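Tertiary structure, described
Here's the letter readout for the chains.
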Amino acid sequence: MLEKFSNWKDGFGKKKDASEELELVSIPKHVAIIMDGNGRWAKKKGLPRIAGHREGMKVINKIVRKANELGIETLTLYAFSTENWKRPKAEVDFLMRLPELFLGKELPVLMEENVKVRLMGSKENLPPHTLRAVETAITKTNENTGLILNFALNYGGRTEIIQAVQTMAKQVQEGLITYDQIDETLMADNLMTNQLPDPDLLIRTSGEIRLSNFMLWQLAYSEFWFTEVLWPDFTEIHFEEAIREYQHRGRRYGGV
Ligand code: V0D
């Protein structure tokens, strides 16, 4: 008889425990994450920054697995911004080894999990070894039909918008389109996210409440969820907490 009460809810009929199951309706289709706080995590432990980056990398496969399990269609991860080149060379060099390190271990797992890898950002300036690793993963996972794992690498939102505008301006100049054909749809088609829906939910870790040039166009209508938790400490439980909050916001403000 006791089991009957094991799913007991509080007086308002809302589930209170963060570990309880999510509703499988209104799962966000596209979740984007700014994986911030790796350097701070390392500093707190008296470790070099690169130790934080390595630890942060280990979190990714857990979140990918959970996202896939929940039926999220696209997961975009901000791995390296165009501003990150300003960091010390040794740190940049280490970061540029992480795609190889990650894929060397995780690519077979991603294949097994039917995950499709994509890249968003400028391929210019990327070391050949980095680009080679990512492009191999894109090719090998190209026929997979599960979660789209979209890495934002050497990505900046303003640069992305400028490039789209330049492409369209050139098309006007060449007479391929007229200026008044430039609308939201054509703009979206010229962004690096073409064929991907806009993110429904943005997560940023480590207590920073800013966009930092991430997906400026695409995040226009997204829900934002911020946490003080540093990325290396981020778990599936935090991820589910963000999604639960997203689902409840939709219930309060959604529709009419
Ligand atoms: C460091 C925390 C995976 C954020 C995660 C080059 C900063 C670990 C990748 C990765 C980084 C990228 C592309 C790909 C496969 C894996 C990665 C960078 C940094 C910057 F196809 N983690 N990761 N890339 N960090």
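Residues numbered from 1 in each chain as written. Predicted model: local features only at pLDDT ≥ 70, side-chain atom pairs only at ≥ 80, totals over all residues. Heavy atoms only, no water.

Let's shift gears to the overall build of the protein chain. Of the regular secondary structure elements, the protein chain holds eight helices and six strands. Ordered by position in the sequence, the α and β elements of the protein chain form the string β-α-α-β-α-α-β-α-β-α-α-β-β-α. In the protein chain, which comprises 256 residues, the share counted as buried stands at 45%. Within the protein chain, counting contacts between residues at least 6 apart in sequence, those at least 24 apart form 76% of the total. Accessible surface computed for the protein chain: about 14,500 Å², of which carbon and sulfur atoms make up 54%. (Helix = DSSP H or I, 4+ residues; strand = E, 2+ residues; numbered from the N terminus. Buried < 20%, exposed > 50% of the residue type's maximum accessible area, 1.4 Å probe, protein only. Contact = heavy atoms within 4.5 Å. Areas by Shrake-Rupley, 256 points an atom, 1.4 Å probe, with all protein chains shown as cover.)

So, on to the packing of helix α2 (residues 49–70) against helix α4 (residues 98–112). Orientation of α2 relative to α4, taken along the N-to-C sense of each, is 25°, at an axis distance of 11 Å. The angle between the axes of α2 and α4 places the two elements in the roughly parallel class. Every pair of crossing elements has a handedness; the one defined by α2 and α4 is right-handed. Side by side, α2 and α4 meet where His53, Met57, Ile60, Asn61 and Val64 of the first sit next to Leu98, Leu101, Phe102, Glu106 and Leu110 of the second. For the contact of α2 with α4, a count of residues per class yields seven nonpolar, two polar and one charged. (Axes fitted to C-alpha atoms, helices over the stretch in contact; angles between N-to-C directions. Parallel < 35°, antiparallel > 145°, perpendicular 65-115°, else oblique. Left-handed = near helix turned anticlockwise from the far one by under 90°. Nonpolar A, V, L, I, M, F, W, Y, C, P; charged D, E, K, R; others polar.)

Attention shifts here to the side chain of Thr227. Relative to the helices and strands, Thr227 is located in the loop between β6 (223–226) and α8 (236–253). Relative accessible area serves as the criterion here: at 11%, Thr227 is assigned to the buried category. Among the polar contacts listed, one links the side chain of Thr227 to the backbone nitrogen of Val229, at a separation of 3.1 Å. For Thr227, the contacting residues outside a window of four places in its chain are Arg204, Thr205, Ser206, Gly207 and Phe234. (Polar contact = N/O pair within 3.5 Å; in protein donor to acceptor, adjacent residues only side chain to side chain.)

Here we come to the packing of aromatic side chains. Taken as a whole and assessed by the stated rule, the structure comprises seven aromatic pairs. With a centroid separation of 5.9 Å and an interplanar angle of 75°, the aromatic rings of Tyr78 and Tyr155 are classed as edge-to-face. With Tyr78 in strand β2 (residues 74–81) and Tyr155 in strand β4 (residues 148–155), this pair connects stretches of sequence that are 77 residues apart. Look at Tyr155 and you get buried, because its relative accessible area is 1%. Arranged with centres 5.9 Å apart and planes meeting at 85°, the rings of Tyr155 and Phe214 form a pair that is edge-to-face. Of this pair, Tyr155 sits in strand β4 while Phe214 sits in the loop between β5 (201–204) and β6; the two residues are 59 residues apart in sequence, bridging distant segments of the chain. With relative accessibility at 0%, the residue Phe214 sits in the buried group. (Phe/Tyr/Trp six-rings, centres within 6.5 Å; stacked < 30°, edge-to-face > 60°.)

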